[in-house]
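If you want the building blocks of each chain, they are given just below.
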Amino acid sequence: MNKLALYCRAGFEKELAAEITEKAAEVGIYGFARVVDNSGYVIFECYQENEADRLAQEIQFKQLIFARQLVVVSDLLQDLATDDRISPIVAQYQQNSRVDFKQSTELWVETADTNEAKSLSTFCRKFTVPLRQQLRKCGWLNYREIYGSGVTLHILFISNDSCYVGYSYNNNHAPHFMGIPRLKFPNDAPSRSTLKLEEAILTFLSEKEEKQRMNSETKAVDLGACPGGWSYQLVKRGMFVYAVDHGKIAPSLMETGRVDHCPEDGFKFQPPKRTKIDWLVCDMVEQPMRITSLMSKWLTNGWCGEMIFNLKLPMKKRYQEVRLCQQKLHEDLSKAGLGFEIQAKHLYHDREEITLHVRIKSLNKQDRGTTWQICA
Ligand SMILES: C[S@@+](CC[C@H](N)C(=O)[O-])C[C@H]1O[C@@H](n2cnc3c(N)ncnc32)[C@H](O)[C@@H]1O
């Protein structure tokens, strides 16, 4: 097993290939990314033996923007016999001596997230049952995960007679089948966009952090708020929201009494005087660099301590654009002597855009200049 299978939204394979190649090189691992346009995954072949396993542990999954999942896989198993697909799959695992599969917790029989591949999902669901039974007979899949220990077994079916066999580390993967969190659209939310912010919060904050930092004691500004899907998520967590947009906010949201509608330009809006703003969120459709400059202004002026925002990526050179924006943010915050943490992810509910989370870790003068963690 000397390859990585990385899942992504169909159409973003090139971005993911560029990203994994760059991140692997940063830890001294070289390889080749195989890309099939619109396939929903990338295969990264390492040149040296055992390096895929090293990559799966050394690259922080959280640092990858375009990857939904990170799996160490074997060569593609092809021409599987319809009456016995299980034996060659088990044999692949048995050939791998690096990992103790007794420490496996779950089995996910998956496909890529494309309409074509999803036609295999009924087959995958059915196939999971006998395969799981067989793997349990080997003494696998009985392990109980403690704080991210152990591995998850993945089978990625490309067609009903070919698949990649692999595993991911539970402390360095997406904890969701196919790398996709299943979120239910709340019926009373003003827009479907609400799921983007919900997924972002789930991705970037632990449950404990969310409770500590998003509650009735905290206030937020929502730039480009209408009709109110993002504000809805903040209000649901008890926060008070200044919703900035010339448009109309859903009346149901205004009725909560937790929203102040500010019909102003989001690029000119400043936090109300003598009001401490904890969070800034922003979903305005604008050029990524313009949004980045605005976010940088809020952080360096100390107008908020934490933010979640989108960068829309309708252009061709999406990866380069993202890197430029990250660099700018990094430079501006460093120049201002701020300790900070940046995370970026192409979320399942994001289309032609990515979502970023930035947190200022310290505003104290003596702590300035410390960069705690720069993800992505
Ligand atoms: C994608 S929608 C936001 C959807 C919202 N997050 C939700 O969940 O309902 C973008 C919004 O940004 C607003 N917008 C665009 N440019 C703006 C600006 N300069 N100032 C304020 N709002 C702006 C638009 O009016 C639009 O309502």
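Reading guide: rules and limits
- Residues numbered from 1 in each chain as written.
- Predicted model: local features only at pLDDT ≥ 70, side-chain atom pairs only at ≥ 80, totals over all residues.
- Heavy atoms only, no water.
- Near = heavy atom within 4 Å.
- Polar contact = N/O pair within 3.5 Å; in protein donor to acceptor, adjacent residues only side chain to side chain.
- Areas by Shrake-Rupley, 256 points an atom, 1.4 Å probe, with all protein chains shown as cover.
- Nonpolar A, V, L, I, M, F, W, Y, C, P; charged D, E, K, R; others polar.
- UniProt positions renumbered as here; feature names shortened; annotations may be inferred.
- Helix = DSSP H or I, 4+ residues; strand = E, 2+ residues; numbered from the N terminus.
- Contact = heavy atoms within 4.5 Å.
- Buried < 20%, exposed > 50% of the residue type's maximum accessible area, 1.4 Å probe, protein only.
- Expected span 1.5 Å × (residues − 1).
- Arc of directions from axis to C-beta.
- Pairing = 2+ DSSP bridges.
- Axes fitted to C-alpha atoms, helices over the stretch in contact; angles between N-to-C directions.
- Phe/Tyr/Trp six-rings, centres within 6.5 Å; stacked < 30°, edge-to-face > 60°.
- Lys NZ or Arg CZ within 6 Å of the ring centre and 35° of its normal.
- Salt bridge = Lys/Arg side-chain N within 4 Å of Asp/Glu carboxyl O.
- pLDDT = per-residue confidence, 0-100.
- Core = buried A, V, L, I, M, F, W, Y, C linked by side-chain atoms within 4.5 Å.
- Domains from an automatic or database assignment.
- Buried area = accessible area lost by both parts, 1.4 Å probe.

Chemist: Just checking my understanding: could you explain the site of the ligand for this structure?
Modeler: Contacts to the ligand come from 16 residues, most closely from Ser191, Gly229, Asp245, Gly266 and Asp283. One of the backbone N or O atoms of Pro227 is found 3.4 Å from an oxygen atom in the ligand. Considered on its own, the ligand offers 600 Å² of accessible surface; in the complex 76% of this is hidden by protein. Here the shell around the ligand is composed, by residue class, of 6 nonpolar, 6 polar and 4 charged.

Chemist: Got a minute to help me understand the UniProt feature "binding site: S-adenosyl-L-methionine" (unreviewed entry) in the protein in this structure?
Modeler: In the UniProt entry, the feature "binding site: S-adenosyl-L-methionine" (unreviewed entry) is given for Ser193, Cys226, Pro227, Gly228, Gly229, Asp245, Asp265 and Asp283. Structurally, the position occupied by Pro227 is in the loop between strand E8 (219-223) and helix H8 (229-236). Setting aside its immediate chain neighbours within four residues, Pro227 contacts Pro190, Ser191, Lys248, Ile249 and Ala250. Tracing the chain through its elements places Gly229 in helix H8. According to the relative accessible area criterion, Gly229 is buried, its value standing at 2%. For Gly229, the residues in contact, after removing those within four places along its chain, are Pro190, Ser191 and Thr194.

Chemist: Honestly, helix H11 (residues 318-335) in this entry has me stumped. Any pointers?
Modeler: Since the α-helix advances by 3.6 residues per turn, residues separated by three or four positions end up pointing in the same direction. The first and last C-alpha atoms of H11 sit 26 Å apart over 18 residues, in line with the 26 Å expected at 1.5 Å per residue. Buried residues of H11: Arg318, Tyr319, Glu321, Val322, Cys325, Gln326, Leu329, Asp332 and Leu333, and no others. Relative to the axis of H11, the buried residues are bounded by an arc of 165° and lie together on one face. For H11, the elements touching its buried residues are helix H1 (13-26), helix H10 (288-300), strand E12 (306-312), strand E13 (339-345) and strand E14 (353-362).

Chemist: I would appreciate a short explanation of the sheet that holds strand E3 (residues 41-46) in the present structure.
Modeler: Two strands in a sheet stick together by hydrogen bonds in their backbones, pointing the same way (parallel) or opposite ways (antiparallel). Reading across the sheet, the 7 strands line up as E2-E3-E1-E4-E7-E6-E5 and stay open at both edges, with mixed pairing between neighbours. Looking along the sheet, the strands with just one partner apiece sit at the ends: strand E2 (31-35) and strand E5 (104-111). Across this sheet, the average inter-strand angle for adjacent strands is 30°, counted without regard to direction. In the sheet, E5 pairs with strand E6 (residues 151-159) via 7 bridges, with the strands oriented parallel. Among the inter-strand pairings, Val109 is bridged to a residue of E6, identified as Ile155. Here H1 sits on the sheet and contacts strand E1 (3-7), E2 and E3; the angle it forms with E3, its principal contact strand, is near 30°.

Chemist: Can you walk me through the UniProt feature "domain: Ribosomal RNA large subunit methyltransferase M THUMP-like" (unreviewed entry) in the protein in this structure?
Modeler: Taking the numbering used here, the UniProt-annotated feature "domain: Ribosomal RNA large subunit methyltransferase M THUMP-like" (unreviewed entry) corresponds to residues 84-169. Across residues 84-169, the secondary structure splits into 35% helix and 29% strand, with the terminal C-alpha atoms separated by 28 Å.

Chemist: Please clarify how the packing of aromatic side chains should be interpreted in this entry.
Modeler: The geometry of an aromatic ring pair is captured by two quantities: the separation of the ring centres and the angle between the planes. Applying the stated criterion across every chain, the model contains 13 aromatic pairs. Seen in terms of ring centroids, Phe123 and Phe127 are 5.6 Å apart; in terms of plane orientation they differ by 15°. Their pairing is stacked. With Phe123 and Phe127 both in helix H5 (residues 121-137) and 4 residues apart, the pair spans about one turn of that helix. Neither residue differs from the other here; Phe123 and Phe127 are each classed as buried. Taken together, the aromatic side chains of Tyr93, Phe101, Trp140, Tyr167 and Tyr169 make up a single cluster linked through ring pairs. In this structure, Arg290 packs its charged tip against the face of Phe267, placed 3.7 Å from the ring centre. Sitting over the ring of Phe12, Arg318 keeps its end group 3.8 Å from the ring centre.

Chemist: Explain the pattern of salt bridges here, please?
Modeler: A side chain of one charge can pair with a side chain of the opposite charge if their charged atoms are brought near each other. In total, this model carries 22 salt bridges according to the counting rule given. The partner of Glu353 in a salt bridge is Lys312, and the shortest N-O contact between them spans 2.7 Å. Of the two residues, Glu353 is situated in strand E14 and Lys312 in strand E12; the sequence distance between them amounts to 41 residues. Where salt bridges share partners, they join Lys196, Asp283, Lys312 and Glu353 into one cluster.

Chemist: What exactly am I supposed to notice about the confidence of the model for the protein here?
Modeler: Across the protein, pLDDT averages 94, with 96% of residues at or above 70. Note that residues 364-376 has pLDDT below 50 and, in this model, 34 contacts with residues that lie over four places away or in other chains.

Chemist: What should I look at first to understand the nonpolar core in this one?
Modeler: Buried together is how nonpolar side chains tend to be arranged in soluble globular proteins. Counting 87 residues, the largest nonpolar core has Leu4, Leu153, Ile155, Phe157, Leu223, Trp298 and Phe309 as its most contacted members. Residue assignment places this core across two domains, with domain 1 (3-179) and domain 2 (194-374) each supplying three or more. Setting aside chain neighbours within four positions, we find Leu153 in contact with Tyr93, Phe101, Ser104, Glu106, Leu107, Trp108, Leu135, Trp140, Leu141, Gly166 and Tyr167. If you look at the next biggest cluster of nonpolar residues, it comprises 24 residues, including Ala200, Leu205, Ala220 and Ala225.

Chemist: Sorry, what's going on with the domain arrangement of the protein here?
Modeler: Interface extent is often summarised as the accessible area lost during association of the parts. Entries for the protein in the domain assignment read domain 1 (3-179) and domain 2 (194-374). On a C-alpha basis, the centroid separation for the pair domain 1 and domain 2 is 33 Å. Contact with domain 1, which involves 18 residues of that partner, is made by 18 residues of domain 2. The contact between domain 1 and domain 2 buries some 1600 Å² in all, and 49% of this surface belongs to carbon and sulfur atoms. Interface area lost by domain 1 to domain 2 is led by Arg9, Phe12 and Ile65, which between them contribute 38%. Scanning the region where domain 1 abuts domain 2 turns up 2 salt bridges. Between Arg318 and Glu15 there is a salt bridge, with the nearest N and O atoms lying 2.9 Å from each other. Between the two partners, domain 1 and domain 2, sit 10 residue pairs in polar contact (both at pLDDT 80 or more). A class-by-class count of the residues in the side of domain 1 that touches domain 2 yields 7 nonpolar, 4 polar and 7 charged.

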